[in-house]
Amino acid sequence: MNRLLPLLIGAIGVLLLATLMLVILPAWQLRTSEPPAPLKPYTVQQLQGRDQYVANGCLYCHSQQPRSSGQTLFDTARGWGRASTPGDYFYDSPHLLGTMRTGPDLFNVAARMKSRDWHLTHLYQPRAIFDWSLMPSYPYMFELKAQLEPGDVLVRLPESLQPEGKHVVARQEALDLVEYLLALDRTYATTSQELDKRDRGYDRRPGETLMDSGAQ
Ligand code: HEC
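Given the structure is predicted, the values throughout are model-derived calculations rather than measurements.

### Details of the overall build of the chain
So, step 1. Scanning the chain for helices and strands turns up six helices and two strands.
So, step 2. In the chain, the succession of α and β elements from N to C terminus is α-α-α-α-β-β-α-α.
So, step 3. A buried classification covers 24% of the 216 residues belonging to the chain.
So, step 4. In the chain, of all internal contacts separated by at least 6 residues, the share reaching a separation of at least 24 is 74%.

In structure tokens form, the structure reads like this:
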């Protein structure tokens, strides 16, 4: 062990280099001082819905990061919106990028599915809509009631899934979660400065215009 000092210096050096390259430089590169003008802060209810999204593990199956045209599969072509840029996450702390895509990317889900009723039915039982869906159902976000009360939000279901003599009513957590989903829309045009903050390794393909990437 007469080489302890060089070993220690080497180890600390590697750690410092890794911190610089993986933490400090990316944070500096992606710093965003201003939110994009069209992006609104979340309301209190939407933030509560966001907590439900985290608590129920939605991000284990859904990403929130549409890819750009330079990446292997171009998500805009799938209808998932333009590639996201750092500013789109201004109000997301922490961001919910996700790594798995068992289900579709949800970063712009509100732009393609605007119906609260659709989302409630889908959360109560995804197979009410797609019999092939492997998304879990979330029945505990709903309650069965014999009598509807004023203010109750009724879940619309096909005859076969309608519990006999009972109404399926959304609990507050389901309403909050859907309010959050309906806020996920970053399809507004981004700026070329924002696009430049994306990894240059995923650069635009030759001949592709800024418009293809959703820039103004
Ligand atoms: C086990 C994986 C899995 C989990 C966990 C999961 N989903 Fe899904 N989700 C899917 C799959 C697969 C689909 C596509 C089939 C469908 O629409 O049911 C989907 C579809 C969706 C869609 C429709 C999106 C579109 O563009 O068609 C929404 C909205 C959605 N999920 C929301 C949620 C929310 C909210 C949660 C958490 C409460 C959640 N998902 C949890 C797998 C999952």
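### Considerations on the UniProt feature "transmembrane region" (unreviewed entry) in the chain
So, step 1. Using the residue numbers shown here, the UniProt feature "transmembrane region" (unreviewed entry) corresponds to residues 7-28.
So, step 2. Between the end C-alpha atoms of residues 7-28 the distance is 30 Å, and the span holds 100% helix and 0% strand.

### Some points on helix α5 (residues 172-181)
So, step 1. Extensive coverage of α5 is indicated by the burial of seven of its ten residues.
So, step 2. Along α5, the positions that sit buried rather than exposed are Ala174, Asp176, Leu177, Val178, Glu179, Tyr180 and Leu181.
So, step 3. As for α5, its buried residues are in contact with α2 (44-55), α3 (109-112), α4 (116-124), β1 (142-145) and β2 (167-170).

### Observations regarding the pairing of β2
So, step 1. Of the two faces of β2, only the one carrying Val168 and Ala170 is buried; His167 and Val169 on the other face are not.
So, step 2. Looking at chain direction, β1 and β2 are connected through four bridges and run antiparallel. Each bridged residue has a counterpart across the sheet, and for Leu144 the counterpart in β2 is Val168.

### Quick word on the nonpolar core
So, step 1. Membership of the largest hydrophobic core comes to 19 residues, with the highest contact counts inside it found for Leu120, Phe142, Ala174 and Leu177.
So, step 2. The set of elements that each furnish at least two residues to this core consists of α4, β2 and α5.
So, step 3. No other element matches the five residues that α5 contributes to this core.
So, step 4. Inspection of this core shows a minimum of three residues originating in each of domain 1 (37-114 + 182-216) and domain 2 (123-172).
So, step 5. Once you skip the residues sitting within four places of it in the chain, Ala174 turns out to touch Leu120, Leu123, Met141 and Phe142.

### Notes on the site of the ligand
So, step 1. In the vicinity of the ligand there are 23 residues, among which Cys58, Cys61, Gly103, Ser133 and Met135 approach most closely.
So, step 2. At the level of secondary structure, the elements contributing two or more residues to the shell around the ligand comprise α3 and α5.
So, step 3. Along the lines of polarity and charge, the residues of the shell around the ligand split into 15 nonpolar, seven polar and one charged.

### What about α2?
So, step 1. Along its twelve residues, α2 runs 17 Å from first to last C-alpha, staying within 8% of the 16 Å computed at 1.5 Å per residue.
So, step 2. Listed as buried for α2 are Gln46, Gly49, Arg50, Gln52 and Tyr53. Seen from one end, α2 has its buried residues packed into an arc of 155°, which puts them on one side. Facing away from the buried side of α2 by over 90 degrees, the exposed positions are Val44, Val54 and Ala55.

### A word on unusual backbone geometry
So, step 1. In this structure, the amide linkage connecting Ser93 to the following residue, Pro94, adopts the cis form with an omega of -5°.
So, step 2. Here Pro94 is to be found in the loop between α2 and α3.

### Quick word on the packing of α2 against α5
So, step 1. Packing of α2 against α5 leaves a shortest axis separation of 7 Å and a crossing angle of 100°. As judged from the angle between their axes, α2 and α5 are roughly perpendicular. Touching Gln45, Gln46, Gln48, Gly49, Arg50, Gln52 and Tyr53 of α2 are Glu173, Asp176, Leu177, Val178, Glu179 and Tyr180, all from α5.
So, step 2. When its residues are assigned to classes, the contact of α2 with α5 shows four nonpolar, five polar and four charged.

### A few points about the environment of Gln64
So, step 1. Within the secondary structure, Gln64 sits in the loop between α2 and α3.
So, step 2. Along the chain, Gln64 and Phe107 lie 43 residues apart, while their C-alpha atoms are 4.4 Å from each other.
So, step 3. Here Gln64 is in contact with Leu96, Leu97, Gly98, Asp105, Leu106 and Phe107, once residues within four sequence places are set aside.

### Concerning the packing of α4 against α5
So, step 1. The geometry of α4 relative to α5 is characterised by a closest axis approach of 10 Å and an angle of 125° between their N-to-C directions. One element, α4, and the other, α5, form an angle in the oblique class. Considering the relative orientation of α4 and α5, their crossing is right-handed. Residue-level inspection shows Arg116, His119, Leu120 and Leu123 of α4 in contact with α5, the latter providing Ala174, Leu177, Val178 and Leu181.
So, step 2. Partitioning the contact of α4 with α5 into residue classes produces six nonpolar, one polar and one charged.

The rules behind each value
Residues numbered from 1 in each chain as written. Predicted model: local features only at pLDDT ≥ 70, side-chain atom pairs only at ≥ 80, totals over all residues. Helix = DSSP H or I, 4+ residues; strand = E, 2+ residues; numbered from the N terminus. Buried ≥ 20, exposed ≤ 12 C-beta atoms within 10 Å, placed from the backbone. Contact = placed C-beta atoms within 7 Å. UniProt positions renumbered as here; feature names shortened; annotations may be inferred. Pairing = 2+ DSSP bridges. Core = buried A, V, L, I, M, F, W, Y, C linked by C-beta atoms within 7 Å. Domains from an automatic or database assignment. Near = placed C-beta within 6 Å. Nonpolar A, V, L, I, M, F, W, Y, C, P; charged D, E, K, R; others polar. Expected span 1.5 Å × (residues − 1). Arc of directions from axis to C-beta. Axes fitted to C-alpha atoms, helices over the stretch in contact; angles between N-to-C directions. Parallel < 35°, antiparallel > 145°, perpendicular 65-115°, else oblique. Left-handed = near helix turned anticlockwise from the far one by under 90°.

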